[in-house]
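Observations on chain architecture
These are the residues of each chain, in order.
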Protein chains: 2
Amino acid sequence: MREKELRRSMSVFPIGTVMKLTDLTARQIRYYEEQELIYPERNEGNRRMYSLNDIDVLLEIKDYLADGINMAGIKRIYELKELEKNEKTKPPEKNLTDDDVRRILHSEFLSISGLSPKDKNKLNQQHFKQ
Amino acid sequence: MREKELRRSMSVFPIGTVMKLTDLTARQIRYYEEQELIYPERNEGNRRMYSLNDIDVLLEIKDYLADGINMAGIKRIYELKELEKNEKTKPPEKNLTDDDVRRILHSEFLSISGLSPKDKNKLNQQHFKQ
DNA sequence: TACAAAATGTTAGATCTTCTAACATCTAAT
DNA sequence: ATTAGATGTTAGAAGATCTAACATTTTGTA
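These numbers come from a predicted model, not from an experiment. (Residues numbered from 1 in each chain as written. Chains lettered and ligands numbered in written order. Predicted model: local features only at pLDDT ≥ 70, side-chain atom pairs only at ≥ 80, totals over all residues. Heavy atoms only, no water.)

This part takes up unusual backbone geometry. Of note, Asn46 of chain A is a non-glycine position whose phi angle comes to about 75°, a positive value. Residue placement: Asn46 of chain A occurs in the loop between strand E1 (41-42) and strand E2 (48-49). (Helix = DSSP H or I, 4+ residues; strand = E, 2+ residues; numbered from the N terminus.)

The structure is reproduced here in structure tokens:
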């Protein structure tokens with residue numbers, strides 16, 4: 001399945017093709033990139049080139065939007081998906097010692113001002129989840 | 001398997017992508033079309049758009065040429081292939097919607113099927129980043 | 001060898017496609 | 001009613017592809 005994953009992430013489609021396959025406008029596709037939901041590569045001439053994975057995500061975004069979920073919600077969904085993926089890939093998590101907690105708090109707190117409660121929750125989940 | 005065949009014939013790649021995937025020049029690709037070995041469609045702006053089948057054939061042509069077979073020989077080979085295909089009973093045609101195409105592409109692109117291991121090697125891996 | 005044909009390279013000018021950036025419009029949430 | 005979110009629209013620039021012609025290289029054969 002390694003080769004398969006490689007093919008799915010090859011950047012081979014120009015935006016015109018993606019527009020037709022997803023029924024999205026160029027404006028929308030670029031906007032979702034701006035929202036960091038997809039990360040198309042660029043060719044030598046700075047043209048965006050999309051993968052099958054990108055198209056999958058765009059179609060999922062369409063579904064979420066049709067279900068009334070907004071960008072913030074969709075972003076969160078993909079954050080969670082990312083966490084789940086990392087969980088399966090990584091070896092079993094070890095419990096944090098008090099020392100670990102102190103070190104994390106020290107580095108995290110410095111950049112935490114100005115974050116919304118929602119963002120703080122995100123940090124909590126990352127660091128204090130068993 | 002009829003549906004699959006139709007999916008593989010969807011015109012989704014511009015010539016630039018085909019050049020990278022096959023390591024052929026635009027001149028060569030257009031020449032092989034002139035020789036009626038492939039039949040790419042055109043988009044609304046008259047740009048050639050290629051299918052997975054087209055890419056398969058182009059990679060096969062590369063192999064034949066590497067084996068010392070010239071255009072005349074390659075043409076004959078494809079004539080014979082065409083005859084063989086016609087020997088088989090053809091089921092009724094069925095048209096695909098755009099939605100079908102979208103669903104299909106991801107599963108389809110993963111296996112540039114029908115390719116020999118040699119053909120797969122011909123794929124220009126350097127362009128399939130990561 | 002020499003010549004003709006085959007296969008590919010190269011170029012120019014036109015047209016299509018995509019880019020960025022800005023401003024406009026419409027919708028949803030406060 | 002106002003703000004923020006989401007998308008539309010436009011202009012000008014630059015990249016990509018088109019056709020058509022001529023050039024060069026390779027191959028087959030008289």
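Here we take up the protein's contact with DNA strand C. Neighbouring DNA strand C are 19 residues, the closest being Arg47 and Arg48 of chain A together with Thr25, Arg47 and Met71 of chain B. Within the backbone of Gly16 of chain A, a nitrogen or oxygen atom sits 2.9 Å from a phosphate oxygen of DNA strand C. Interatomic distance of 2.7 Å between a backbone N/O atom of Arg48 of chain A and a phosphate oxygen of DNA strand C. Counting residues per element, the surface near DNA strand C draws most heavily on helix H3 (residues 26-34) of chain B, at 4 residues. Within the surface near DNA strand C, the residues separate by chemical class into 6 nonpolar, 7 polar and 6 charged. (Near = heavy atom within 4 Å. Polar contact = N/O pair within 3.5 Å; in protein donor to acceptor, adjacent residues only side chain to side chain. Nonpolar A, V, L, I, M, F, W, Y, C, P; charged D, E, K, R; others polar.)

A few words now on the packing of helix H2 (residues 15-22) of chain A against helix H4 (residues 52-66) of chain A. All names here are of chain A. Running from amino to carboxyl end, H2 crosses H4 at an angle of 40°, the nearest separation of the two axes being 10 Å. Judged by the inter-axis angle, H2 sits oblique to H4. Between H2 and H4 lies a crossing of right-handed hand. Taken together, the residues of H4 that come into contact with H2 (itself represented by Val18, Leu21 and Thr22) are Ile55, Leu58, Leu59 and Lys62. (Axes fitted to C-alpha atoms, helices over the stretch in contact; angles between N-to-C directions. Parallel < 35°, antiparallel > 145°, perpendicular 65-115°, else oblique. Left-handed = near helix turned anticlockwise from the far one by under 90°. Contact = heavy atoms within 4.5 Å.)

Residues and elements named next belong to chain B. Interhelical geometry of helix H2 (residues 15-22) versus H3 gives an angle of 100° and a closest axis separation of 9 Å. Here H2 is positioned roughly perpendicular relative to H3, judged by the angle of their axes. Between H2 and H3, the residues in contact are Ile15, Val18, Met19 and Thr22 and Ala26, Ile29 and Arg30, respectively.

On to the pattern of salt bridges, then. Residues and elements named next belong to chain A. Applying the stated criterion to the full structure yields 12 salt bridges over all chains. For the salt bridge of Asp56 with Arg8, the shortest nitrogen-to-oxygen distance reads 2.0 Å. Placement of Asp56 in helix H4 and of Arg8 in helix H1 (residues 2-8) is noted, with a sequence separation of 48 residues between them. The exposure class assigned to Asp56 is buried, which follows from its relative accessible area of 16%. The salt bridge partner of Lys85 is Glu82, with a shortest N-O separation of 3.6 Å. One end of the pair is Lys85 and the other is Glu82, both in helix H5 (residues 71-89) and 3 residues apart, which spans about a single turn. On the basis of relative accessible area, Lys85 is assigned to the partly exposed category, the value being 49%. (Salt bridge = Lys/Arg side-chain N within 4 Å of Asp/Glu carboxyl O. Buried < 20%, exposed > 50% of the residue type's maximum accessible area, 1.4 Å probe, protein only.)

Geometric values such as these leave the question of function open.
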